[in-house]
Amino acid sequence: MNLALTVLGWFFIAYSVAINLSFVALTVLAMADFVRYRRRTQFAAYDESFAEPLARGVSVLMPAYNEELTIVASVEAMSSLRYPDFEVIVIDDGSKDSTVTTMVAAFDMVELPLAQAPAVATKGEVLRCYVSTHGAMNLLLVCKTNGGKADALNVGINVARKELVCMVDADSLLDPDALLHVSRPFADDPERVIASGGVVRVANGSTIARGRVLDVQMPRRWLARVQVVEYLRAFLIGRAGWSAAGGLLIISGAFGMFRRDILFEVGGVATDCIGEDAELVVRLYRWMGDNDVDGRIVFVSEPVAWTEAPETLKVLRSQRRRWHRGLAEIFSRHRGMVLRPRYGFIGMITMPWFLLFELAAPFIEVFGLLYFAVAVTLLGLGGAGLVPSDWVDLPVVLVLLSTSVAFAILVSLVALLAEEMSYRRYRGVPGLLVAVRAAVEENFGYRQLTAWWRMWGAIDAWRGSRHQWGEMTRKGFGQDP
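The rules behind each value
Residues numbered from 1 in each chain as written. Predicted model: local features only at pLDDT ≥ 70, side-chain atom pairs only at ≥ 80, totals over all residues. Heavy atoms only, no water. Buried < 20%, exposed > 50% of the residue type's maximum accessible area, 1.4 Å probe, protein only. Helix = DSSP H or I, 4+ residues; strand = E, 2+ residues; numbered from the N terminus. Core = buried A, V, L, I, M, F, W, Y, C linked by side-chain atoms within 4.5 Å. Contact = heavy atoms within 4.5 Å. Salt bridge = Lys/Arg side-chain N within 4 Å of Asp/Glu carboxyl O. Pairing = 2+ DSSP bridges. Right-handed = clockwise from strand over helix to strand, strands pointing away.

1. Some details on helix H5 (residues 149–159)
Reasoning step 1: By the criterion of burial, H5 is predominantly enclosed, with 10 of the 11 residues buried.
Reasoning step 2: Where H5 is concerned, the buried positions are Ala150, Asp151, Ala152, Leu153, Asn154, Val155, Gly156, Ile157, Asn158 and Val159.

Following this line, the structure appears as structure tokens:
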């Protein structure tokens with residue numbers, strides 16, 4: 001019994017050290033890439049890019065479903081982006097609220113016939129189309145029967161008239177220069193770059209007016225504050241590091257740009273996978289490997305999309321189970337890419353890492369917590385003389401707990417340091433101290449709860465149970481909690 005518990009304890013310690021050391025490596029890569037990026041931006045000449053008449057056109061696709069509270073602010077933000085040639089296409093996916101009437105009234109829209117070439121197969125039926133009469137605003141509203149977000153994106157891909165397609169959630173706000181930054185890799189390496197993604201940040205608690213984040217503040221609610229730190233770590237460390245290594249596996253569905261012709265090649269966005277954004281990126285890598293295409297998918301840390309994070313446990317639970325179920329479905333669908341040299345760094349390094357340290361992580365964490373509970377119980381029983389006192393090695397238990405928490409806090413603090421040294425969105429010492437406190441608080445309750453939800457998300461995928469999307473209840477941008 002003693003030997004089994006000791007071996008199990010050291011397994012959990014080794015796993016914790018391995019996953020956190022990998023994050024340290026990603027941190028080094030991310031910081032090195034960040035330094036190179038900051039040097040390049042000094043000579044990027046974005047003002048000249050804004051005036052460039054031959055810049056690649058961008059179609060901004062915004063699938064919307066019951067977004068009446070945030071749709072006007074989001075569209076206003078999109079319509080005032082700094083980019084020489086772009087259009088905004090909102091695809092209403094059969095909303096049951098007043099999303100359509102709100103948009104029609106706010107932007108003086110009129111109905112007109114829609115001509116499209118259905119290069120990508122879609123499930124929903126396009127019902128009608130509206131165009132804005134607000135000056136020169138290139139704004140289109142396409143109404144279709146409900147078919148899901150992915151199907152709405154496919155309709156947008158068919159309707160789009162520009163060379164590049166930018167997929168943005170309807171509940172997201174973009175910074176004014178976001179398109180200039182996220183499209184820059186396509187100009188720097190036009191033959192190879194086929195997709196790029198940007199940072200997504202939490203807007204809860206910030207002052208927002210007419211689709212613009214005016215004053216960035218840490219949220220007042222604990223649950224949203226913890227997610228601020230979580231998002232910073234995921235984007236500034238995780239995705240930036242993988243991009244620097246050439247193995248970026250995920251572009252957030254809230255903000256990603258793709259070549260439209262390549263989307264036609266791969267058949268658009270998958271409508272039968274919950275994690276359609278990540279699945280699209282994996283399918284692009286698979287297409288490149290199968291067709292010997294030398295392509296790149298990159299992450300740019302400068303452009304920012306703001307989103308409203310869940311502020312209730314019920315909504316957060318639904319979101320995290322959905323995310324992890326999507327990851328499990330992706331590996332079930334593309335398991336043939338794992339450890340296949342044909343798919344290069346993605347197949348040999350990135351996907352095995354995500355399999356071991358992302359998909360399996362909640363299972364290891366939950367069983368690690370069970371081990372810790374059993375160990376504490378046995379220590380108490382051993383002290384009372386009810387079981388042999390040598391059944392549990394106290395140093396092993398303490399090392400397991402301390403290393404796991406210490407590494408997790410360290411990576412979060414490094415992400416906060418990168419934020420403070422670079423973009424400094426959360427200005428002022430009070431906001432920084434709140435973020436540091438959230439980085440510590442995240443490890444006591446929040447991580448364990450999300451691990452439990454994520455584990456069941458993967459189990460749902462493997463059981464093939466019917467997925468219930470749930471409802472993301474929103475207050476609307478700029479509203480007090």
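Once you've had a look at it, read on.
2. Digging into the nonpolar core
Reasoning step 1: Counting residues in each nonpolar core, the largest one holds 134 residues, and the members touching the most others are Val60, Met62, Val90, Leu179 and Ile297.
Reasoning step 2: Sorting elements by how many residues they give to this core places helix H8 (residues 222–245) first, with 9 residues.
Reasoning step 3: Setting aside anything within four residues of it in sequence, one finds Leu179 in contact with Val58, Val60, Leu81, Tyr83, Phe86, Cys166 and Met257.
Reasoning step 4: Judged by nonpolar contacts, the second largest core, of 5 residues, contains Leu223, Val226, Tyr446 and Trp453.

3. Considering the pattern of salt bridges
Reasoning step 1: As enumerated under the stated definition, the model contains 25 salt bridges in all.
Reasoning step 2: Salt-bridge contacts for Arg333 lead to Glu279; the nearest nitrogen and oxygen are separated by 3.7 Å. A residue pair is termed long-range when its members are at least 10 positions apart, and Arg333 in helix H11 (residues 313–333) and Glu279 in helix H10 (residues 276–290) qualify at 54 residues.
Reasoning step 3: Taking relative accessible area as the criterion, Glu279 reaches 0% and is therefore assigned buried.
Reasoning step 4: When the shortest N-O distance is used, the salt bridge between Asp460 and Arg321 registers 2.4 Å. With Asp460 in helix H15 (residues 429–463) and Arg321 in helix H11, the pair connects residues that are 139 residues apart, well separated along the chain. By the burial criterion, Asp460 is buried, and Arg321 matches it.

4. Topic: the pairing of strand E2 (residues 86–93)
Reasoning step 1: Across the 8 residues of E2, 8 count as buried, placing the element largely inside the fold.
Reasoning step 2: With burial as the criterion, each face of E2 is covered, one bearing Phe86, Val88, Val90 and Asp92 and the other bearing Glu87, Ile89, Ile91 and Asp93.
Reasoning step 3: With 7 bridges connecting them, strand E1 (residues 58–64) and E2 associate as parallel partners. Looking across to E2, one finds that Pro63 is bridged to Ile91.
Reasoning step 4: After leaving E1, the chain enters helix H3 (residues 71–79) and then returns to the sheet as E2, a path that is right-handed.
Reasoning step 5: The pairing of E2 with strand E5 (residues 139–144) spans 6 bridges and is classified as parallel. Along E5, the bridge assignment pairs Asp92 with Cys143.

The analysis is restricted to geometry; functional conclusions fall outside its scope.
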